[in-house]
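Analysis of the macromolecular model
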Amino acid sequence: MNFLNKWKYLMIVVMSVLLLTSCGFKDIDKRYFVVSIGVDLDKTNSKRYLVSLKFAVSNASKETPTEFQIISEKANSMSEAVRMIKTKVDKEIDFSHAKAIVLSEELVREKGNAGIYYWFARRRDIQKISWVAIGRPSALKVLKVKPKSERIPSNALFLSLGKDGSESPYVMSEFLFDMKYRLIERGIDPVLPIIDAKKGFFEINKVGLFNKSHMILTLPPEETKILNFLRRREEKSSNKITRGKTTIVIDTHKVNTKYKIVTPKGKAPFIKVNVSVEGNLEETTKRVPKEKLSDFERAAEKSISKEVKNILVKIQKANLDPIGFGLRYRSRHFNNDDWEQWKQIYPTIAFKVQTKVQIEDTGLIE
Amino acid sequence: MNRYFLYLVLLNMLINVIIFVPKILIEYRYDGAVMGVLIAIPIGIALNYLFSTTLTKFPQQGLPEIISLLKHHWFGVVHLVGIQLVWFTAGLITLISFIDILTRFINPEMPKLLLLTIFLAALFLIIQMPTDRVMYLLEIILFLNTPLIAFIIFKAFSNEYLSWDSMLEVGTHIWAWPSLKAIAAATYCFSGYTNLIIFNRVIKGKLKLWNFFIITVLGVFNLFTTFFIPIGFHGSDGAQELLYPWITTADSLRLVYSPIERVIFLFLMFYMSISLMSISIHWHVALELLKGTFRGKVNMKKNWIVLSFFGVFSVIGVIYLNALLLNKITVYWLIGRLGFELLVVCIFFFWARRRAA
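In this text the structure is predicted, and so the values were computed from the model without any measurement. (Residues numbered from 1 in each chain as written. Chains lettered and ligands numbered in written order. Predicted model: local features only at pLDDT ≥ 70, side-chain atom pairs only at ≥ 80, totals over all residues.)

What follows covers the overall build of chain A. In terms of regular secondary structure, chain A is built from 11 helices and 13 strands. Principal-axis analysis of the C-alpha atoms gives chain A an extent of 90 × 60 × 55 Å. Considering only intrachain contacts with a sequence separation of at least 6, the fraction spanning at least 24 residues in chain A is 68%. (Helix = DSSP H or I, 4+ residues; strand = E, 2+ residues; numbered from the N terminus. Contact = placed C-beta atoms within 7 Å.)

Residues and elements named next belong to chain A. For helix 8 (residues 221-231), the full list of buried residues reads Thr224, Lys225, Ile226, Leu227, Asn228 and Phe229. Looking at the buried side of helix 8, the elements it contacts are strand 8 (202-210), strand 9 (215-219), strand 10 (237-243), strand 11 (246-262), strand 12 (270-284) and helix 9 (293-317). Of the residues one or two after helix 8, Arg232 is the one with positive phi, at around 55 degrees. (Buried ≥ 20, exposed ≤ 12 C-beta atoms within 10 Å, placed from the backbone.)

With that out of the way, let us pick up the nonpolar core. Across soluble globular proteins, nonpolar side chains show a tendency to be buried alongside one another. Residues and elements named next belong to chain B. If you look at the biggest cluster of nonpolar residues, it comprises 187 residues, and the most contacted ones within it are Leu11, Leu25 and Ala186. Per-element tally for this core: the top contributor is helix 13 (residues 263-293), with 15 residues. Dropping the residues within four chain positions of it, Ala186 is found in contact with Leu25, Gly36, Val37, Ala40 and Leu223. (Core = buried A, V, L, I, M, F, W, Y, C linked by C-beta atoms within 7 Å.)

Before going further, it helps to spend a moment on the pairing of strand 1 (residues 31-41) of chain A. In summary, the side chains of a regular strand alternate between the two faces of the sheet. Residue and element names in this part refer to chain A. Across the 11 residues that make up strand 1, a large majority, nine, are buried. In this sheet, strand 4 (residues 92-94) lies alongside strand 1 in parallel orientation, the contact comprising three bridges. Following the sheet pairing, Phe33 is matched in strand 4 by Asp94. Examined bridge by bridge, strand 1 and strand 2 (residues 49-57) share eight bridges and lie antiparallel to one another. Opposite Ser36, over in strand 2, you have Lys54 as the bridge partner. (Pairing = 2+ DSSP bridges.)

Our next topic: the pairing of strand 11 of chain A. Residue and element names in this part refer to chain A. Note: strand 10 against strand 11, seven bridges, orientation antiparallel. Pairing of Ser237 across the sheet is with Thr252, part of strand 11. Between strand 10 and strand 11, which pair antiparallel and follow one another directly, the connecting turn spans two residues, one of which, Gly244, has a positive phi of 65 degrees. Bridge count for strand 11 against strand 12 is 14 bridges, and the pairing is antiparallel. Each bridged residue has a counterpart across the sheet, and for Ile250 the counterpart in strand 12 is Leu281.

All names here are of chain A. Contact geometry for helix 8 and helix 9: axes closest at 10 Å, N-to-C directions at 95 degrees. Classified by the angle between their axes, helix 8 and helix 9 sit roughly perpendicular to one another. Along the contact surface, helix 8 presents Glu223, Ile226 and Leu227, while helix 9 presents Glu307, Val308 and Ile311. In the contact of helix 8 with helix 9, the residues fall into four nonpolar, no polar and two charged. (Axes fitted to C-alpha atoms, helices over the stretch in contact; angles between N-to-C directions. Parallel < 35°, antiparallel > 145°, perpendicular 65-115°, else oblique. Nonpolar A, V, L, I, M, F, W, Y, C, P; charged D, E, K, R; others polar.)

Moving on: unusual backbone geometry. All names here are of chain A. Residues Arg136 and Pro137 are joined by a peptide bond in cis, for which omega reads -5 degrees. Summarising the element assignment, Pro137 is placed in the loop between strand 6 (131-136) and helix 5 (139-144). Of note, Ser154 is a non-glycine position whose phi angle comes to about 65 degrees, a positive value. Residue classification places Ser154 among the buried positions, given that 23 C-beta atoms sit within 10 Å. For Asn319, which is not glycine, the phi dihedral falls at a positive 55 degrees. Take Asn319: it is sitting in the loop between helix 9 and helix 10 (325-332).

Below, the discussion takes up the interface of chain B and chain A. Taken together, the contacts link 32 residues of chain B with 30 residues of chain A. Contributions of two or more residues to the side of chain B that touches chain A are made by helix 5 (73-105), helix 6 (112-127), helix 8 (164-171), helix 11 (209-234) and helix 12 (245-251) of chain B. No other element matches the six residues that helix 6 of chain B contributes to the side of chain B that touches chain A. In terms of residue class, the side of chain B that touches chain A is made up of 14 nonpolar, 10 polar and eight charged.

Here the focus is the packing of helix 1 (residues 3-15) of chain B against helix 11 of chain B. All names here are of chain B. Running from amino to carboxyl end, helix 1 crosses helix 11 at an angle of 10 degrees, the nearest separation of the two axes being 11 Å. By the angle class used here, helix 1 and helix 11 are roughly parallel. Helix 1 and helix 11 meet at a crossing whose hand is right-handed. Contacts from Phe5, Leu6, Val9, Leu10 and Met13 of helix 1 reach helix 11 at Asn211, Ile214, Ile215, Leu218, Gly219 and Asn222. A breakdown of the residues in the contact of helix 1 with helix 11 according to their chemical character gives eight nonpolar, three polar and no charged. (Left-handed = near helix turned anticlockwise from the far one by under 90°.)

Residue and element names in this part refer to chain A. Within the sequence span of helix 4 (residues 114-122), burial applies to Tyr117, Phe120 and Ala121. Down the axis of helix 4, the buried side of the element spans an arc of 100 degrees, and every buried residue falls inside it. Turning to helix 4, the residues buried within the fold contact strand 5 (100-104) and helix 7 (176-184). (Arc of directions from axis to C-beta.)

Okay, the confidence of the model for chain A next. Averaged over every residue, the pLDDT of chain A is 85; the share at 70 or more is 94%. No element of chain A has a lower mean pLDDT than helix 1 (residues 6-17) of chain A, which averages 71, and none a higher one than strand 5 of chain A, which averages 93. (pLDDT = per-residue confidence, 0-100.)

Mapping A:Gly363 onto the fold places it in the segment after strand 13 (350-361). Look past the residues within four positions of A:Gly363 in its chain and what remains in contact with it is A:Asn280, A:Leu281 and A:Glu282.

All names here are of chain B. Locating Ala185 in the fold gives a position in helix 9 (residues 180-187). Along the sequence, Ala185 and Phe20 sit 165 residues apart, while their C-alpha atoms lie 8.2 Å from each other. Not counting residues within four places of it along the chain, the set of residues in contact with Ala185 comprises Val21, Ile24, Leu25 and Leu334.

Residue and element names in this part refer to chain A. Read from one edge of the open sheet, four strands run 10-11-12-13, paired in mixed fashion. In this open sheet, the two edge strands, each paired with only one partner strand, are strand 10 and strand 13. Shown here is a sheet whose adjacent strand axes are inclined to one another by a mean of 40 degrees, direction ignored.

And the structure:
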């Protein structure tokens, strides 16, 4: 290289790196970070949606808890709402820290909101690992809750939806990418947790089951727990078992569920569900002698089997499939019309539930 | 011992994520992609074996030196120009596509041309280096990045949201008639060996059989990962909606206790150097082949004329090609490349045999 020697060239390359600015020409103090997004139906009906963004107000000191600001806007679509919210804030709106999306119950009960769900998936700056949940009584009320223990805005929501903070079998958290997956995939349907906004805390112990377009069914806490067992997402739980006059509570530490779709030729197809539970005895109303323990195991098996079967039938009656039986059927059959076949089979299929309960430990008291 | 040969093949296996291979495979998942992948594996391995064993008959010589043995100079020129066009476009597609990814995911406000300038500056520096130095740079970059990419792939495989049922569902469409587009896309993963036409200059010793064995294992694993992991995360029905299946998949992974929770930024960071290296390798080959077409020694002036052509074409490409259009072009480019590759390997194989006999 005659006219441009190598070192000069290298310097140009190194200097050109200085042109790269990390935050797209806008400094961090000129950005306003969205931590959670709420979408409600507009009650006044002048527009379709009420979109609320919860912003974290950045704070220089670590001592005081960080403040937040919620800005709402009525619009007919998500993008219009966000564009209008931009006119209400002084800084650039940054979605890269939006980790929770709350949809109101009225919204998800209504058909034809796929545009909203897809807006989140289409935007490149919204994390696909943000949590999606249903808000009660409204998404805005959920965003407004400010627990005392919270130091960063919306952190309480992130901790309770994720597994980093509290772990509970009643919480069935759902990521955005998984929700989109379930909205499209034939044979498995979305499940979203329901957040009840209370004064100063959240209550997340119910779940809403979707078909491909809207919410059909909500499950109470106990059924949510059983569904969680079936989806193998959480293993720690407690189960109340009554036998005669004695009630015992088993604290499970291992729950394993397997299912198999059996289609014998000429006979009615059925789904075999095997649940195996291992746990400790945690609480009894009366003294339980060691010899009687196996009797309680039998009783527990019976009651869990019944609960599992009840909820499976309840979901089947609503023609929903949150566990993915249909997908399992599709994946095990080579013909091209397996999905059409399954739609015929599913409403009448029988469930055979077998449970095995093992009480391994009775705690410190015999 | 030929780890350099493996590096060249491995580089193409890693870069297929950027050059729309997963997108094409997923698009034809119900229409012959599975069978296409299965057919592509033996084709890829066979081409690898034929070409590299033939080339080792000319130890430490690149194609320009070998062709200079020919009597007809014009024949050599046609041959070299044809090949160098394919190599240049290979690098160009990777470059345009990765610039699109960078502006889309990291810095939407930054003008694409500025990003291109920075890339081109680095590229021109690398591709003018002697072949052995390019090789060493490739080794260093692969050494730094491959373990971390392997970690991301491990995290993807061990993720509880990975749905094996969806992957199996696509697997049940194995008997669909294989699609040519899928075969062409899948063979791209194996075609790193073709860089040997220049890099044979620095490869010493013969290629042993276990080189090809490793390539087979890596290739099968790589194709499985490329094709099926996005399906496991986004569904057999849903994965086709994604423009960049692997980048969205990286965004669906979560490293709870790492400094950056979102894997997408780590993924893009690793791929930044890998794609830079891939473009450099392709363009280095193109540049060296072009130099071979000139009679006599190549002076600075000719060199910079060639480089400015490279620059002009990439500027035109970045301005006029958006991701959707590029995707369409890439599908046909991959088919053309497969045909061309078959042609080059066969001609070369028979020519070398006749010459030896």
